[in-house]
Structure formats: structure tokens, C-alpha cells
Amino acid sequence: MPYKIVMVRNDPNYGKRRHKGLAAVHVLRSYLERHSALASELQVEIVELNSCWPQATELDTRWILSFEPDAVGLSCYCWNIGMQAGIASMLRRARPGIAIIAGGPEVSFDAEAFMAANPAVDYVVRGEGEVTFTELVDHLVSGKGRPAAIRSLNWRNGGTTCANPDRPLIEDLDTIPSPILDQRVDLFATDGEVMIETVRGCVYHCSFCLHNKGQTGMRVFSWPRVEAEVRALCEHPAVNVIWFADPTFDYDEARALRILRLIEEANAGQGVAFELRAEMLTPALIAQLARLNVVDVGIGLQSINPIALSNVRRASNLESFRRNVSMLAEALKDVGTRIDLDVIYGLPGDCYAGYMDTIDFALDLGGHVYYQPLRLLKGTNLAQRAETFGLEAAPSPPHNLERSLTFPHEDMIRAHHLNAGLDFLQCESMVVQEAIRELRDMARQASQKCSMATACEIVGRGLWASEARNLFRVANASPDDIPVHWRISELATLLTGGRLDNILPIGPRHDLATRLRASMSLSDGCAPSSSGYFHAAL
Ligand code: B12
Ligand SMILES: C[S@@+](CC[C@H](N)C(=O)[O-])C[C@H]1O[C@@H](n2cnc3c(N)ncnc32)[C@H](O)[C@@H]1O
Ligand code: SF4
């Protein structure tokens, strides 16, 4: 009888960011099958869940149990931890003898607390999982060795839990087999969007970010490996879009150009998507990108507040950011690429006025603003320094910031209003976009201080105060996966009929100027002047 392991990926995938063919569970299985001393005795199955309602846990658990597993590996991220913990507990009740193993960034940094809160979980694999998981499985199958000898493992010893010391990172990434090249992932069974990693870690160390997973330094897969994997994806008939998980694809111009040229040569027209640092873009890279079917580019702006950027150790040059994003947008305009400019509100030292200025800066560039509150992610440097900056985040993942010394709760609410207006502005309904522009122009006549961000806030505030609130809340159910554009567009058109008066409690238009002035005086405490937010910074 083989030793059966079920690896569970759990991705509630509502919204635009859909299922991506490759994930940790596939990589871990390939590594195990290649490196385990007992590989021939193993049967490893992958279960991919995408339920977004808690009641599904029972069905999901039954599915896992139908494989009659000896061990179950749960892949844990901030977007699924509640559901994975629920599955662990149901598995334990149904089959007390099963070995339940959790891994992933959401359990790596507070493994002891996680095990204390989840008695069903037997083991937590911290950090990079390949080697630890393989050693653990070998121990479970053979009964040989001691869990105490497995680095980066948390385990139970009678009534107590033990935390073994950390293991170093895998030095040679090529020892990790590619599930794509090994044909261990059925790309026909995906929606055609596949993610690959050609590096691990990031050369930068922004203190809010977990791309370095609490470690330092960036490691790269060798060129032959990258070349083979990219070619295989380009030539695969089921692949529509190749997503690069690399956090800063353009960090090394020569390497990036080499990959882009390879795609141009091998590609049969599939889409490609990247995450970039705008400041690193060069004319050669931009020209090469324009030769491809680039469907999506994510670029971090985060904030234009220099104090906030410095507090999170992020060097930024707004002039080259502006220049390079404009050049990129111009070069890609015929390709129809969606350019997301990532913005975070609530970084330490930032305040509402800083956020408004940031939004105006991003909108001026013509990109699509992808806003997110600061998430105080476990394992980041910022989470350790939260108290210094007076950062208070929600206890439940993804630990959205609730307030800070410079971003009090009432300003968070204003930011939520602004975001709601921004969703309307960025929806695909031309009528609504026009209406918001009209509002801004009218507001500018009332006060020079009114920018697009102000107009968005006013629209959003009206929206939340109206009957539209519930509909909007539903359309906007998962801020990370929205805007579910068509839904918001439809909703916007439905609600407004093209007339903002329908959603704004602003009364007759002749009264608008007075009301706008009143609403602007509300913001005077943190006015978006050129230096307004400097005073609020730490
Ligand atoms: C792809 C991706 C996404 C995709 C998700 C696609 C998908 N459904 O799989 C999208 C774009 C939707 C996304 C969104 C978000 N993401 Co994201 N994302 C990533 C990214 C770039 C790659 C993940 C990946 O597959 N890596 C490759 C695998 C091999 O590495 P790994 O995931 O770390 O897995 C290793 C270990 O963790 C461990 N392991 C993992 N699972 C298991 C299971 C077992 C049993 C074991 C033993 C070990 C183990 O072993 C693996 C191999 O070493 C990572 C960054 C990164 N480079 O990893 C961020 C990352 C996972 N995302 C993160 C965050 C915070 C988010 C967002 C909240 C947005 C944000 N940036 O603030 C949203 C949340 C979405 C939601 N619905 O709420 C954080 C994770 C924080 C956390 N604690 O979970 C990361 C680390 C980046 C960051 N921002 O710092 N994300
Ligand atoms: C891969 S980066 C984008 C590209 C590039 N590396 C950069 O920083 O410009 C992914 C994005 O995730 C967002 N992000 C990362 N950590 C976050 C956190 N703790 N809270 C909110 N957003 C976060 C940031 O906006 C970041 O731009
Ligand atoms: S935000 Fe971008 S540049 Fe900064 S550490 Fe994360 S991935 Fe790297």
C-alpha cells in the first residue's frame, strides 16, 4: 500500500485574478517525488479548492477524505487561513490518525501560536518548504529519524510544541524540479493562465512586503531552466497567459531582455504579465515589451509621500517614475495592456492628504490605480516595528491597517469613500466617468483645491450614504479581486442613469458649490497642499 498524501491548495477565486495553474503544492510535490528517499512508496494527490463560503468546508473535507490519505498538507496564505484551519479541524475529527501538516507564509512566522490555536495541526513547516517537507514525509513513512532533527519544523511532543531551528535557504534553485517540465501539472485543466517563478526573493527590502519571506537576498533559476520552462509554456496549446511571479522582473536589464526576446521568438501570441519597478525600466526594455502581447503590468508606486517611503525603506524617484510609466503607457497603448499602479494607503507617516496627492499623481499618469490598505503582514520588518509607528491593524488576515498615529480612524473612512469613488471613476462606464469629471470641474470652480481625489471622495461618500451602499458592498465584496469591472460598471450606470444627482445627497445643482466648499473645509485639517502631509509625518 502506498503512503498517501493529499496536498491542499485553497484559492477562493472570485474576481479578475483567477486561478493560476502553478502553485506551491505542485512545486512541493515535484520536489518530494524527485528527492524523497522513499518516493516509490508515495502517492501524492493535489486537491485544488476554490470555495468562498465557509459552509463548503464540510464538502471540501469529504473530498480530501475520499483519497483516504495518511497525511494532508495544507498550503496557507492570508486569503485562505480560516478555511484551511476549518478543514484541519474537520479532518482531525473524522480521522484522528491522519498527519496534518501546515505550511505557507501565513503560518511561518507565528507557528507556535498557530499550533496552540489549532490543536488539529500536527506539524508546521516554516518558510521555504521543499526540503523540510521532504524530510518530514520521509520520517513519517519510515518511522525513522527524529522530528527534532528536522530544521524549520514545529511539531508536537506530548502536550508541548517544539520549534526546531531555521534551515538555510536552498542555495541552488535548479534542484527544485519544474512541475511544468516534468509534466506534473495538467495545463489543460487550468483556465489557461499559468504562473512561473524565475527568481525567489527581491533585491529590494521594502519593510511592508513579504516577497523576501523574512529572508534576505534574491536567488535566480539558471538560464537553461528558465529557457526550457518559458519555451514549454509558449508552445503549450492550453496556455493563454504566462504570469511571472518574479517581484521585480526588470531588476536586471540584460536578464529581462533575454527572457523577453525568448518569448518573442517562441511565443504563439499568448499574453504575458509582469511586476515591475518603474524606476528600473529602460528604453530597451520598454521597446521589447511593446513587441509582446503584454496583458497586465503591475508597478508599485505605493505613495508619493517621501516620509512614508523613507519609513518603509523604499527608495523612489518620482521624476523617473513619471517619465518611465508615461513612456511605457505610450509604447503599449496599441497592445491594450492594463497598467496597474499599486498604491498603499496608511504607510507609516502617511496621512489622508498624502493619500489624496498620491491618487492624483497616479491618475494624472493615466494608469489604473490598484489601491490597497497597508497590510501588516506577519514576518515583515514593519510588523515588528508597528508600535513605533502607532500602526494598528485588524487581527484577522490580511491584517488591514485600521488606524495609525498619522492616519486616524476617521481618515480611514474618508479613504474608503475615496476608494469607492475611484472604483466608479475606473469602471468602464464612460457616462459615469464623464459625470465624475464634470463634478470635479464644478468643484474646481468652487475651490481650486478640488482634485480628482476630492471628487472621488465626494462621490464615494454619497454612494455610501445612499441606498446604493449594499449593492456596492456586494459588488465590491473582495477588494483584492475587484474591481469586478463589469459589475461595478453595470451598477454605476444603473444607479446613476448617468446623473450623479441620483446617488449624491447633494441636492439641486445650484447648491453644489456651497456644499462642495463645506465638504472641502472638512479636509482643511489635512489639506492636500504641497507640504500638508509633511507635518503629519513622523
Ligand atoms: C501569486 C501571488 C498572488 C496571486 C494569487 C494566485 C494564486 N491564487 O495562487 C494574487 C495576485 C491573487 C495574489 C493576491 C494577494 N496576495 Co499574493 N502573492 C503571490 C506571489 C507573487 C506568488 C505565490 C507563489 O505561488 N509563490 C511560489 C511558491 C513556490 O512559493 P510560496 O507560495 O512561498 O510557497 C513556499 C512556502 O511558503 C511553503 N509552502 C507553501 N504552501 C505550503 C504547504 C505545505 C504543506 C508546506 C509543507 C509548505 C508550503 O513552501 C513553498 C515552497 O518553498 C507571492 C509572493 C511570492 N513570490 O511568493 C505573493 C504573496 C503570497 N501574496 C501576498 C499578499 C499579501 C497578497 C494580497 C493580500 C495582496 C497584497 N499584496 O497585499 C492579495 C490577497 C488575495 C486575496 N484574495 O485576498 C503575500 C502573502 C502574505 C501571506 N501571509 O499570505 C505574498 C508573500 C507577497 C507579499 N505581498 O508580500 N497573490
Ligand atoms: C511585486 S510588488 C509590485 C512591483 C514592484 N516590486 C514594486 O514594488 O514596485 C507587489 C505589490 O504588492 C503590494 N503589497 C506588498 N505588500 C503589501 C502590504 N503589506 N500591504 C499592502 N500592499 C502590499 C504593493 O503595492 C506592491 O506594489
Ligand atoms: S514592494 Fe516590490 S520592490 Fe519592494 S520588496 Fe516588495 S517586491 Fe521588492
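Before reading further, recall that the structure is shown in the block above.
Residues numbered from 1 in each chain as written. Chains lettered and ligands numbered in written order. Predicted model: local features only at pLDDT ≥ 70, side-chain atom pairs only at ≥ 80, totals over all residues. Heavy atoms only, no water.

## Notes on the overall build of the chain
Stated formally: Runs of E in the DSSP output that reach at least two residues are strands. Runs of H or I that reach at least four are helices, and both are numbered from the N terminus. When accessible area is computed with a 1.4 Å probe and restricted to protein chains, residues below 20% of their type maximum are described as buried, those above 50% as exposed, and intermediate ones as partly exposed. Contacts were defined at the residue level, with two residues in contact if any of their heavy atoms lie within 4.5 Å. Methods summary: accessible areas were calculated by the Shrake-Rupley approach with a probe of 1.4 Å, and residue burial reflects only the protein chains presented.
A tally of regular secondary structure across the chain gives 19 helices and 17 strands. Expressed as a percentage of its 538 residues, the buried residues of the chain come to 57%. Nonlocal contacts in the chain, meaning residues at least 24 apart in sequence, comprise 72% of its contacts between residues at least 6 apart. When the accessible surface of the chain is split by element, carbon and sulfur atoms take 53% of a total near 22,700 Å².

## Some remarks on the pattern of salt bridges
Using the following cut-off: Criterion for a salt bridge: a side-chain nitrogen of Lys or Arg within 4 Å of a carboxyl oxygen of Asp or Glu.
Across all of its chains, the model carries 23 salt bridges by this definition. For the salt bridge of arginine 9 with glutamate 48, the shortest nitrogen-to-oxygen distance reads 2.8 Å. Note that arginine 9 is positioned in strand β1 (residues 3-10) and glutamate 48 in strand β2 (residues 42-49), a separation of 39 residues in sequence. A salt bridge links glutamate 33 to arginine 184; the nearest nitrogen and oxygen atoms lie 2.7 Å apart. Remark: arginine 184 occurs in the loop between β7 (160-163) and β8 (193-196) and glutamate 33 occurs in helix α1 (residues 24-35); sequence separation between them is 151 residues.

## Details of the sheet that holds strand β14 (residues 338-345)
We apply this condition: Here, any two strands with at least 2 DSSP bridges between them count as paired. Here the axes come from fitting lines to C-alpha atoms, over the contacting stretch only for helices, and the angles between their N-to-C directions go from 0 to 180 degrees.
In space, the six strands of this open sheet follow the order β8-β11-β12-β13-β14-β15, with parallel pairing throughout. In this open sheet, the two edge strands, each paired with only one partner strand, are β8 and β15 (368-373). Strand-to-strand twist of the sheet, defined as the mean angle between neighbouring strand axes without regard to direction, takes the value 20 degrees. Inspection of the sheet shows strand β12 (residues 271-276) paired to strand β13 (residues 294-302) by five bridges, in the parallel sense. Bridge assignment links phenylalanine 274 to a residue of β13, and that residue is valine 297.

## What about the site of ligand 1?
The cut-off we apply is this: Summary of the distance rule: residues count as near a molecule or strand when at least one heavy atom falls within 4 Å of that molecule or strand. What qualifies as a polar contact is a pair of N or O atoms within 3.5 Å, subject to a donor-acceptor requirement within protein and to the restriction that residues adjacent in sequence count only when both atoms come from side chains.
Taken together, 33 residues lie around ligand 1, and Asp11, Ser75, Tyr77, Glu130 and Leu210 are the ones closest in. Between arginine 9 and ligand 1, the recorded distance is 3.2 Å, taken from a side-chain N or O atom to an oxygen atom. Glycine 104 places a polar main-chain atom, nitrogen or oxygen, 3.4 Å from a nitrogen atom of ligand 1. Those elements that provide at least two residues to the shell around ligand 1 are α1, β3 (71-75) and α5 (130-142). Considering each element in turn, the shell around ligand 1 owes the most residues, three residues, to β3.

## Re the site of ligand 3
Selection rule: Three classes are used, and their members are as follows: Ala, Val, Leu, Ile, Met, Phe, Trp, Tyr, Cys and Pro are nonpolar, Asp, Glu, Lys and Arg are charged, and the others, Gly among them, are polar.
Around ligand 3, the structure places Cys202, Tyr204, Cys206, Phe208, Cys209, His211, Pro247, Thr248, Arg277 and Arg314. Taken together, the residues that form the shell around ligand 3 break down as six nonpolar, two polar and two charged.

## Some details on the side chain of arginine 414
Its location among the elements puts arginine 414 in helix α13 (residues 409-426). Its relative accessible area of 14% is what places arginine 414 among the buried residues. Polar contacts involving the side chain of arginine 414 include one to the side chain of glutamate 457, which spans 3.0 Å.

## Notes on the packing of helix α2 (residues 56-65) against helix α3 (residues 81-94)
Using the following cut-off: Each angle receives one of four descriptions, namely roughly parallel if under 35 degrees, roughly antiparallel if over 145, roughly perpendicular if within 65 to 115, and oblique otherwise. In this scheme, a crossing is called left-handed if the near helix is turned counterclockwise away from the far one by less than a right angle; it is called right-handed if the turn is clockwise.
Two elements in contact, α2 and α3, have axes separated by 9 Å at closest approach and are oriented at 55 degrees. Taken together, the axes of α2 and α3 lie oblique to each other. For the element pair α2 and α3, the recorded crossing hand is right-handed. Facing Thr57, Glu58, Asp60, Thr61, Ile64 and Leu65 of α2, the residues of α3 in contact are Gly86, Ile87, Met90, Leu91 and Ala94. Residues belonging to the contact of α2 with α3 are distributed by class as follows: six nonpolar, three polar and two charged.

## Focus: the sheet that holds β1
If you walk across this open sheet you meet the seven strands as β2-β1-β3-β4-β5-β6-β7, and the pairing is mixed. Two strands bound the open sheet, and with one partner strand each, they are β2 and β7. Between one strand axis and the next, the sheet turns by 20 degrees as a mean value, whatever way the strands run. Both β3 and strand β4 (residues 99-103) contribute to a ladder of five bridges, which runs parallel. Across the sheet, leucine 74 pairs through a bridge with alanine 102, a residue of β4. Where α2 meets the sheet, it contacts β1, β2 and β3, and its direction lies at approximately 160 degrees from that of β2.

## So, the packing of aromatic side chains
Both the distance between ring centres and the angle between the ring planes are used here to describe each pair of aromatic rings. For the record, the criterion: The rule is short: rings of Phe, Tyr and Trp, with Trp giving its six-membered ring, pair when the centres are within 6.5 Å, and they are stacked under 30 degrees, edge-to-face over 60, tilted in between. Lysine and arginine charges are scored as sitting over a ring when NZ or CZ, respectively, is within 6 Å of the ring centre and within 35 degrees of the ring normal.
Per the stated rule, a full pass over the model turns up eight aromatic pairs. Taken together, the ring pairs connect Tyr345, Tyr352, Tyr355 and Phe407 into an aromatic cluster. Here the guanidinium or amino end of arginine 277 rests over the ring plane of tyrosine 204, the centre of that ring lying 4.4 Å away.

## Observations regarding the side chain of glutamate 128
Looking at the secondary structure, you find glutamate 128 in the loop between β5 (123-125) and α5. A polar side-chain atom of glutamate 128 sits 2.9 Å from the main-chain amide nitrogen of isoleucine 170. Side-chain polar atoms of glutamate 128 contact the side chain of arginine 219, separated by 3.0 Å.

## So, the pairing of β3
For β3, a buried count of five out of five residues is recorded, marking the element as mostly surrounded by other parts of the structure. The alternating pattern of β3 places Ala71, Gly73 and Ser75 on one face and Val72 and Leu74 on the opposite face, and all of these are buried. Judged from the four bridges that link them, β1 and β3 form a sheet pairing that is parallel. Its bridge partner lying in β3, valine 6 is registered against valine 72.

## Remarks on unusual backbone geometry
Look at the link from proline 397 to proline 398: it is a cis peptide, with omega at 5 degrees. Among the secondary structure elements, proline 398 is positioned in the loop between β16 (392-393) and β17 (401-403). Within the chain, glutamine 183 stands out as a residue other than glycine whose phi angle is a positive 50 degrees. Along the chain, glutamine 183 falls in the loop between β7 and β8. The class for glutamine 183 is exposed, based on a relative accessible area of 69%. In this structure, arginine 313 takes a positive phi of about 60 degrees despite not being glycine. Along the chain, the position of arginine 313 falls in the loop between α9 (306-311) and α10 (318-332).

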